[in-house]
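Listed below are the residues making up each chain.
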Amino acid sequence: MEREGDSLLTNLQKRLGIVDTRYDHGPQQKGGRVRLQDSEQRTIVINDTVKNSVRDFSGNSISTTKYTIATFLFKFLYEQFSRYANLFFLFIGSIQQVPNLSPVNRFGTILPLSIVILASAVKELAEDSKRARADANVNASKVKTLNGSQFIDKKWKDVVVGDIVRVENGQFFPADLILLSSSEPDALCYIETSNLDGETNLKIRQGIPETSHLLDPEAVSLLSGTIKSEHPNNSLYTYEGTITFLGGKTVPLDPAQLLLRGAMLRNTKWIYGIVVFTGHETKLMRNATAAPIKSTKVERSVNKQIIFLFLVLMTLSTLCAVGSLLRTLTSNFELDILKVERSYAVVQFFLDILTFMILFNNLIPLSLIVTMELVKYYIASLINSDLDMYYEPADTPATCRTSSLVEELGQVDFIFSDKTGTLTCNVMEFKMCSIGGIGYAETVPDDKKASVDERGRVEGYFDFKTLLKNAETHETANVIAEFSTLLAVCHTVIPERDENDPSKIVYQASSPDEAALVSGVQLLGYNFHTRRPKSVSVDHNSYTHEYEVLNINEFNSTRKRMSALIRMPDGSIKLYIKGADTVIMERLAKQGNLYVDATSIHLEEYANEGLRTLCLAYRDVSESEYTEWSRIYDRAATTINNRQDALDEAAEMIERDLILLGATAIEDKLQDGVPDTIHTLATAGIKLWVLTGDRQETAINIGFSCKLLTEEMTIIVCNESNLLDTKLFLQEKLDYLKKALAASETDLSQSQAHSGNFIHRFFHRVEKAGEWLSDRRSLSNVMNFLKKSEDDAFFIDKDRVVDTEPFALVIDGRTLEFALTNEVKLIFLELACLCKAVVCCRVSPLQKALVVGLVKQNVEGAITLAIGDGANDVGMIQAAHVGVGISGMEGLQAARSADVAIAQFRYLQKLLLVHGGWAYTRMSKLILYCFYKNITLYLIQFWFAFDNGFSGQTLFESWMQSCYNVMFTLLQPVALGIFDQYVSARMLDRYPQLYKLGQRSEFYNNKTFLFWTFNSFLHSFMIYWLMKVTCTESQMLANGQVVNIWFVGMNLYTVDIILVTMKAATTASTWTWFTTLSVLGSLVAWITLFPLYALLAPMINLSPELYGIPGPLYSSVTFLATLFIVPVLPLVRDFVWKFYKRTYWPRSYHIIQEIQAYNIPDYRPRMEWFKKAVYKVRQIQRLKRSRGFAFSQTETGQANLIRNYDTTIRKPRG
């Protein structure tokens, strides 16, 4: 029954446009390998547009907009009326239309509500139109498509399944393609998939041999046959299909032939490919999610409190209706004078409830929504115009694309970050090396320049100029020569000469580290310039040396090294090897290694600098040994089963007795300020998780470089191959951490973490009871909620202080797939939340979104922020509460889909700590103040009901009530919302711990809301009864008239405006010219405009009850006395309470405010000396750990492909 209920609800929402079917991934949500059964395949006819057009293939036009023309109305109204305030005012506006029911103007609610909804619609359309324009630009991109026997330009949106396209170097693939042929040998091509998986290292794809000869339009136009392909799915790393040619030959297709939309062709002049998936059926779009409807934590709290105020409103209305009923049933005046029929008293009772609901409806302020939207828009403009977040090199300012989420920036608990392009610059640089025990660096700081100690040992580093000199005359010259030769020949890099400038060489590399090493060795005069199938050529000292490449033992994550057997120009054979220090050191020869200790010291220093290191070694191989080993290698290469294991065993046999040459250090250049930013955000209490498509070793290296991972952390690495092992491993580590945590916590803190006071439990119930209104899937869960007790709920306290040894969790994508299953995900989540840092490697875009969703749904009250720069990050950006896009090297896909776009990761610090902190406190004050001023005024009507016999008579003129929020008390909340600063930006940056105030919702929560509500009740009660005592029924005016209700009402109205204005003045932390204008201007506006309105309006029969009121009112001594006395008395209590709090119960920001006000110096103790002592201890511990190494290329399969290249042959033009 539940499933039937879910499907009915889902179908209804799809029909209404609430669910976006563009992103309905169907049954293959998890991706994976697809078995090509007849019912699970699509057939594509090659070079036959007519036959393909009759099949139900998706078009290639894509849309990432939040709305479509068909869904806008329903989706927008669904979003607007999921706000309980709008729903309430729609109800009030509707019952106001009932004749003889409303005591005020019947259009007083429905008209303002319509204006609010219309303004929101304009805002939503304006923001969505930006996404539509970006989509239009993408859809209008051009690609060459085969038409007959020639290629013509066609827009991407017009490309269809079965089209054969030509993509040129530097262009993106317009759809998912099967590679047919290319300008490279054997249909090879290089692609960059950074938009898909975040990896910037190039990957090789290869077409099948049967199509590699199709090198011109005429040849490819003659190709005939069919392709049977798997159905569209979201698995980026799998593909299964077959191609059947006209003669009947069938050839299998696999991921090596698949070119995905979003990837870019690199270092390859051109390729021919046939389209298999288009538009929203491509794997990129299958990993995308619909633009979500996002609401902030503050807005959700407002919704809860509106429900509470609605209950208060119902209670007050019912009390007044009961009073009216009792009067009807017991008073003879009603029966004898007014002739009220008591038989209708019960019916009238329910009508009276509606009447009083209309009378008191402004307890829930309609103006709150409009004011919030206005203030948020202006705060967003302040973010856009902040010069501190303007990146001048790229002329890129910060852009707040979704203004409705600004206060969420001040409450972030978790940041989920991509690595490549977000933390790093996608630039590898050869920075340092150790050769023969001597350290060299590109740039040597003064404190690290080489010197000789008293024992004759060299300490420090020489520069690369000294290295060039040592290569000629130093005793380590031979070692330098071997070191340089190794870097020049032991790799899988392909040199490409620019046809226009043959002297210019571009290195194509599947690993950016290898390209950096080959480029770096050019500084030593070793210029690699030619690759042939069996040799490489290197220029050195004006001579060209040719080295025969006999075999390559490839890198993989188990071996952590690669080696090459090279026949030198003199005929000798050498094994050159490079890899992680742990695997190289244990394979060194017992004798002859003179530089191990010195190299180890240098490796330690490189690692401390966060550099990516490799150890380099070699050995001489005799001809007979090579001949014998070659036979073993050939047998392994032809093994059918477990071929890779056999090749690894063969490599192990010859990779022994090595002579260490030295080590290299490469910098995966971080963006400016990343380590400091991460440290500051961590100090602010924000947890950072890195979700990257990069290799595990690469991600760990960057983790240390950017200070996400530190020396004192114990790193938990989870690489399991099945579900059971993953669960057991995570559970074991979780149990250990829980025991360690339990030992450091007191029973008191534990009880506080899991218990709640009455207020918290009440609002928790209110929130849960209302969730079904906004949760698309919860209709079938309402009964489950009613049955489920709170004790059964999974609970993680996001604010729990973990005072134990710091841990970091590192998990790879395959293991993460098991960790995200239903039976393991909560174990994984609890363990991850107890760790200081989390790094997820080799994750797909969908996995990124699932991880964000896991935290978002299961950590109570947690606010998540996702930041990235590529299309692979769009899923997690949209899944998080707040999405931040980096306008980086991977394009603008992430920035266009994000709520906020910035140019550099370091700008996140000011965005969150300053703009976010201010936005949260400003919105908190604005909301509380709006509730306060409305409750204070409209509760007067409730107190007046006791004096008017519960008749429903209003004390205030209707249009004066309407002007209360839109004119006389409009500027006060705007001033608080836009210009107020509870502390300065300098202090927020200096004391990032203040950010925890927002994380814990200390400025706006259930407790503060109830306090302000109680204060409103108290203030309204005080001013009403003070005025009642002052203005008695027998009071005479100067003209001899007796005061009436309009006189008293306008007097009370004036006192209330003065009171709420003074309350705004005492609430403001910062006074600007606008704050002064809002305080004085509002008072002046009321004092001057009221008599003018009361004079003119009755002339057109608009407000006849105000005729003749201003003169007697303004000339009354009582009126003038009340203006100076009555508003002050309620605020005395507020001043006393503020004094008590600041003196005896100060909060952290109170202290910072005084530091700022009196410019008090900061005498906090410095920790540098303690850190130095700890650092020395950690250095010793670090020696026992393995260091990261600089390999990020695709595992295996490279050598045979690379050896097909001959860079001396001119490539076809296609």
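Calculation criteria
- Residues numbered from 1 in each chain as written.
- Predicted model: local features only at pLDDT ≥ 70, side-chain atom pairs only at ≥ 80, totals over all residues.
- Heavy atoms only, no water.
- Helix = DSSP H or I, 4+ residues; strand = E, 2+ residues; numbered from the N terminus.
- Buried < 20%, exposed > 50% of the residue type's maximum accessible area, 1.4 Å probe, protein only.
- Pairing = 2+ DSSP bridges.
- Axes fitted to C-alpha atoms, helices over the stretch in contact; angles between N-to-C directions.
- Phe/Tyr/Trp six-rings, centres within 6.5 Å; stacked < 30°, edge-to-face > 60°.
- Core = buried A, V, L, I, M, F, W, Y, C linked by side-chain atoms within 4.5 Å.
- Arc of directions from axis to C-beta.
- Contact = heavy atoms within 4.5 Å.
- Polar contact = N/O pair within 3.5 Å; in protein donor to acceptor, adjacent residues only side chain to side chain.
- Patch = residues over 30% accessible without salt bridge, like charges linked within 9 Å, V, L, I, M, F, W, Y side chains within 5 Å.
- Areas by Shrake-Rupley, 256 points an atom, 1.4 Å probe, with all protein chains shown as cover.
- Salt bridge = Lys/Arg side-chain N within 4 Å of Asp/Glu carboxyl O.
- 1 Å grid on protein atoms, 1.4 Å probe; cavity = no way out; pocket = protein on both sides within 12 Å on 5 of 7 lines; lining within 4 Å.
- Points joined across faces, edges and corners; volume = space filled by probe spheres on them.
- Nonpolar A, V, L, I, M, F, W, Y, C, P; charged D, E, K, R; others polar.

Chemist: So what's going on with the overall build of the protein? Residues and values would help.
Modeler: Tallying secondary structure elements over the protein gives 44 helices and 36 strands in all. Per-residue burial over the protein gives 54% buried out of 1214 residues.

Chemist: Let's hear about the sheet that holds strand β8 (residues 225-230): which residues, and what values?
Modeler: Pairing between the strands of a sheet is mediated by backbone hydrogen bonds and can be parallel or antiparallel. Read from one edge of the open sheet, 4 strands run β1-β8-β9-β10, paired in antiparallel fashion. Among the strands making up the open sheet, the edge pair consists of β1 (41-45) and β10 (250-253). In this sheet, adjacent strand axes meet at a mean angle of 20° when their direction is disregarded. For β1 and β8, the ladder comprises 5 bridges, and the chain directions are antiparallel. Looking across to β8, one finds that Gln-41 is bridged to Glu-230.

Chemist: How would you summarise the packing of aromatic side chains if you had to cite specific residues and measurements?
Modeler: Across all of its chains, the model carries 47 aromatic pairs by this definition. Summarising the aromatic geometry, the rings of Tyr-239 and Phe-277 are spaced 6.3 Å apart at their centres and angled 75° between planes, so their arrangement reads as edge-to-face. Here Tyr-239 is found in the loop between β8 and β9 (241-245), whereas its partner Phe-277 is found in strand β13 (residues 270-277), with 38 residues between them in sequence. A relative accessible area of 0% means that Phe-277 is categorised as buried. With centroids separated by 4.7 Å and ring planes inclined at 25°, the aromatic side chains of Trp-1086 and Phe-1090 adopt a geometry described as stacked. One end of the pair, Trp-1086, and the other, Phe-1090, are both in helix α38 (residues 1073-1096), 4 residues apart, so they sit about a helical turn from each other. You can call Phe-1090 buried: its relative accessible area is 1%. Among the aromatic residues, those joined into a cluster by ring pairs are Phe-356, Phe-360, Phe-942, Trp-943, Phe-946, Phe-950, Phe-1021, Tyr-1024 and Trp-1025.

Chemist: Pulling in residues and values, what's your account of the sheet that holds strand β6 (residues 188-192)?
Modeler: The 3 strands lie next to each other as β7-β6-β12, forming an open sheet whose pairing is antiparallel. Only two strands of the sheet have a single partner each, and these edge strands are β7 (203-206) and β12 (264-266). Ignoring strand direction, the axes of neighbouring strands in this sheet form an average angle of 50°. Where β6 and β12 come together, 3 bridges link them in antiparallel fashion.

Chemist: Account for the nonpolar core, with residues named and values stated.
Modeler: Side chains of a nonpolar character, in soluble globular proteins, are inclined to be buried together. In this structure, Ile-415, Leu-865, Ile-902, Leu-908, Leu-912, Phe-931 and Tyr-1053 are the most contacted members of the largest nonpolar core, which totals 161 residues. The element that contributes the greatest number of residues to this core is helix α31 (residues 907-945), accounting for 26 residues. Grouped together as the second largest cluster of nonpolar side chains are 46 residues, Val-161, Leu-265, Val-275 and Phe-277 included.

Chemist: So what's going on with helix α40 (residues 1117-1125)? Which residues, and what values?
Modeler: Within α40, the full set of buried residues consists of Phe-1119, Thr-1122 and Leu-1123. For α40, the arc enclosing every buried residue in end-on projection is 105°, short of the 170-degree limit, so these residues lie on one face. Those residues of α40 that are exposed and aimed more than 90 degrees away from the buried face are Val-1117 and Phe-1124. Against the buried residues of α40 lie α36 (1006-1030), α37 (1045-1067) and α39 (1110-1115). Of the residues flanking the start of α40, the one acting as N-cap is Ser-1116, its side-chain oxygen 3.3 Å from the backbone nitrogen of Thr-1118.

Chemist: Which residues make up unusual backbone geometry, and what values do they have?
Modeler: Although it is not a glycine, Asn-47 adopts a positive phi angle of roughly 60°. Within the secondary structure, Asn-47 sits in the loop between β1 and α2 (49-53). For Asn-47, a relative accessible area of 32% corresponds to the partly exposed category. The phi torsion at Ser-542 lies on the positive side, around 70°, for a residue other than glycine. Along the chain, Ser-542 falls in the loop between β24 (535-540) and β25 (543-553). When its relative accessible area of 80% is taken as the criterion, Ser-542 is described as exposed.

Chemist: An account of a nonpolar patch on the surface is needed here, citing residue identities and associated values.
Modeler: On the surface, a cluster of nonpolar side chains totalling about 970 Å² of accessible area is made up of Trp-959, Val-966, Met-967, Leu-1089, Leu-1092, Leu-1095, Leu-1096, Met-1099, Ile-1100 and Leu-1102. Within the residue set of the nonpolar patch, elements represented by two or more residues are α32 (958-968) and α38. With 4 residues, the single largest contributor to the nonpolar patch is α38. Inspection of the secondary structure assignment puts Ile-1100 in the loop between α38 and α39. Its relative accessible area of 64% is what places Ile-1100 among the exposed residues.

Chemist: Lay out empty space enclosed by the protein with the relevant residues and their values.
Modeler: Here the idea is plain: a probe the size of a water molecule rolls over the atoms and shows the empty space left. As enumerated under the stated definition, the model contains 5 cavities of 30 Å³ or more in all. In this model, the second largest cavity occupies a volume close to 50 Å³. For the lining of the second largest cavity, the secondary structure elements donating two or more residues are α31 and α35 (996-999). At 4 residues, α31 tops the list of elements feeding residues into the lining of the second largest cavity. Its residues assigned to classes, the lining of the second largest cavity comprises 8 nonpolar, 4 polar and no charged.

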